[in-house]
Amino acid sequence: MPAPARRSGLTVRALAFQTYGDPSHVLRLTDLPRPEPGPGEVRVRLSARPVNPSDLLFVQGAYGRAARFTSRPDDGAPDGGWAVPGFEGAGTVHTLGHGTTGPVPGTRVTVSATGTWQEYVCVPGTSVIPVPRGVSTEAACQLTVNPFTAHLLMHDVALDPGDALLLTAGASAVSRMVIHLANERGVRCLPVVRHREQARALAGPGTQPLMADRAEALTEAVREIGEHGRVGAVLDAVGGTLGAAALRCLRPAGQFVSYGMLSGHAVPVHPDDLVFRQVSMCGFWLPARMERLDGRELASLDEQVQEAVVRGLPGLEVAERLDLADFRSALEYTTRSGRGGKVVLTG
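This is a predicted model, so every value here is computed, not measured.

Moving on, we get to the overall build of the protein. The secondary structure content of the protein amounts to 12 helices and 15 strands. Since a compact globule built from 347 residues should have a radius of gyration of about 20 Å, the 21 Å found for the protein is in line with a globular shape. Viewed in the frame of its principal axes, the protein has a C-alpha envelope of about 65 × 40 × 40 Å. A burial count over the protein gives 50% of its 347 residues as buried. Entry remark: accessible area of the protein is about 15700 Å², with carbon and sulfur atoms responsible for 52%. If you average the places of the 34 positive and of the 35 negative side-chain charges in the protein, the two averages end up 2 Å apart.

Inspection of every chain in the model, using the stated rule, returns 7 aromatic pairs. On the numbers, 5.9 Å between centres and 90 degrees between planes, the contact of Phe17 with Phe58 is edge-to-face. With a gap of 41 residues between them, Phe17 in the loop between strand S1 (6-16) and helix H1 (23-26) and Phe58 in helix H2 (residues 53-60) connect regions that are remote in the sequence. Like Phe58, Phe17 is buried. In this structure, Arg34 is placed above the aromatic ring of Tyr120, and the distance from its NZ or CZ to the ring centre is 5.7 Å. Lying across the ring of Tyr120, Arg45 places its NZ or CZ 5.5 Å from the centre.

Taking 1.5 Å of rise per residue, the 12 residues of helix H4 (residues 146-157) would be expected to cover 16 Å, and the 17 Å separating its terminal C-alpha atoms lies within 8% of that figure. Where H4 is concerned, the buried positions are Asn146, Pro147, Phe148, Thr149, Ala150, His151, Leu152, Leu153, Met154 and Val157. Of the residues flanking the end of H4, it is Ala158, one or two places downstream, whose phi is positive at about 50 degrees.

Before going further, it helps to spend a moment on the environment of Val193. Structurally, the position occupied by Val193 is in strand S9 (residues 188-193). The spatial distance from the C-alpha of Val193 to the C-alpha of Thr207 is 12 Å, given a sequence separation of 14 residues. Ignoring anything within four residues of it in the chain, the contact list for Val193 reads Gly170, Ala171, Gln198, Ala199, Leu202, Leu210, Met211 and Ala212.

Bringing the pattern of salt bridges into the picture now. Between side chains of opposite charge, a pair can form as their charged atoms come close. Following the criterion strictly, the structure yields 14 salt bridges and no others. Among the salt bridges present, the one from Asp323 reaches Arg13, with a minimum N-O distance of 2.9 Å. With a gap of 310 residues between them, Asp323 in strand S14 (residues 318-323) and Arg13 in strand S1 connect regions that are remote in the sequence. Note on Asp323: relative accessible area 29%, which makes it partly exposed. Its salt-bridge partner being Glu332, residue Arg336 comes within 2.8 Å of it at the nearest N-O pair. The class for Arg336 is partly exposed, based on a relative accessible area of 40%. Accessibility expressed as a relative area gives 42% for Glu332, which makes it partly exposed. What you see here is one network of salt bridges that share partners, running through Arg13, Glu119 and Asp323.

In this structure, Val267 sits in the loop between strand S12 (250-258) and helix H9 (271-275). Linking Val267 and Arg321, residues 54 residues apart in sequence, is a C-alpha distance of 35 Å. In contact with Val267, not counting residues within four places along its chain, are Asp236, Gly239, Gly240, Gly243, Ala244 and Phe256.

Let's shift gears to the pairing of strand S11 (residues 231-236). Extensive coverage of S11 is indicated by the burial of 6 of its 6 residues. Pairing of strand S8 (residues 164-167) with S11 involves 3 bridges; the strand directions are parallel. If you follow Leu165 over to S11, its bridge partner there is Ala233. The handedness of the S11 to S12 crossover, carried by helix H8 (residues 240-248), is right-handed.

This paragraph deals with the side chain of Asp236. Summarising the element assignment, Asp236 is placed in strand S11. No salt bridge is formed by the buried Asp236, whose closest oppositely charged neighbour, Arg248, lies at an N-O distance of 12 Å. There is a polar contact of 3.1 Å between the side chain of Asp236 and the backbone nitrogen of Val238.

Locating Arg49 in the fold gives a position in strand S3 (residues 41-50). For the buried Arg49, no salt bridge exists, and the shortest N-O distance to an oppositely charged side chain is 6.9 Å, to Glu119. Reaching out from Arg49, the side chain makes a polar contact with the backbone oxygen of Gln118 at a distance of 2.6 Å.

With that settled, the discussion passes to the confidence of the model for the protein. Of the residues in the protein, 94% have a pLDDT of 70 or more, and the chain-wide mean is 93. Scored below 50 in pLDDT, residues 75-79 shows 6 contacts in the model against residues more than four places distant or in partner chains.

Strand order in the open sheet formed by 6 strands is S10-S9-S8-S11-S12-S13, with parallel pairing between adjacent strands. On the outer flanks of this sheet lie strand S10 (210-211) and strand S13 (280-283), each paired with one strand and no other. Pairing of S8 with S9 involves 4 bridges; the strand directions are parallel. Each bridged residue has a counterpart across the sheet, and for Leu166 the counterpart in S9 is Leu190.

Thresholds, definitions, all that
Residues numbered from 1 in each chain as written. Predicted model: local features only at pLDDT ≥ 70, side-chain atom pairs only at ≥ 80, totals over all residues. Heavy atoms only, no water. Helix = DSSP H or I, 4+ residues; strand = E, 2+ residues; numbered from the N terminus. Rg over C-alpha atoms; globule rule 2.2 N^0.38 Å. Buried < 20%, exposed > 50% of the residue type's maximum accessible area, 1.4 Å probe, protein only. Areas by Shrake-Rupley, 256 points an atom, 1.4 Å probe, with all protein chains shown as cover. Lys, Arg positive; Asp, Glu negative; His and termini not counted. Charge placed at Lys NZ, Arg CZ, Asp CG, Glu CD. Phe/Tyr/Trp six-rings, centres within 6.5 Å; stacked < 30°, edge-to-face > 60°. Lys NZ or Arg CZ within 6 Å of the ring centre and 35° of its normal. Expected span 1.5 Å × (residues − 1). Contact = heavy atoms within 4.5 Å. Salt bridge = Lys/Arg side-chain N within 4 Å of Asp/Glu carboxyl O. Pairing = 2+ DSSP bridges. Right-handed = clockwise from strand over helix to strand, strands pointing away. Polar contact = N/O pair within 3.5 Å; in protein donor to acceptor, adjacent residues only side chain to side chain. pLDDT = per-residue confidence, 0-100.

Okay, structure coming up:
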């Protein structure tokens, strides 16, 4: 995480919170000091940032990274302050810090940083990614989380052509990206969905959506297509009893990867699965996974992601564009069941 930037006398609009809690209750639209770029940093004027599940967990205090609450001059609370959510965004380079080499002011870029739900953010000059030609700012603001997650998940499960991959939250942006990448490699996908329109949208060569709104329905659906006990890997973003049902569908020595917690419940695991069926289970968290990449691997991943986005990687569609001031509507839409596309905060 970049060191806190110096502050100027100017202020910027920001969505921020002073205590953990329900985002619709604790988030406030406020003015915060505009950050000043330090040596080697770039100040980016953001114009779009998505609303991701990780952003909401961050505000709730349930994310793997704690918020850094910083006071502003008129807070009068040296032990308190404001924290700004948001882990990615896109806009244009505004100012280069002293000694910074990087994209010139005016260049369209996407950034991965903590605190993108505000108008400006300062990041190391080496971490900004120029937006590929032909990619909209609203698509670019989603570039650094879900596409990287999808590529690394596919790399880590390492399935062979003809293998089956089961995905809970099968209509999510990450799942749609994974399905696209998996189909390119000949891997068959079984995305789990709750709505018929989602199933119709995902159906195609190499992909057989499964309608299941509860654990028992998932088990029945997998049995009906003859895949129970034959699935090579599970990518689980839900947890709870649905995650447990997906685990039971794995073949011996299959892989179970937990990368989300949409249900808010743990996955119950029977020792028989681990001991006798030799199923392997692991967690995936993008920041930790990215830290294990060396410079060559990171450059290669950057190139793969950008090429995939330019070729039309699915899952970057935008359903709603709402100004920072209309954040409550954005939160309501984000948590709506069966929604399609991402909510992007503009301004």
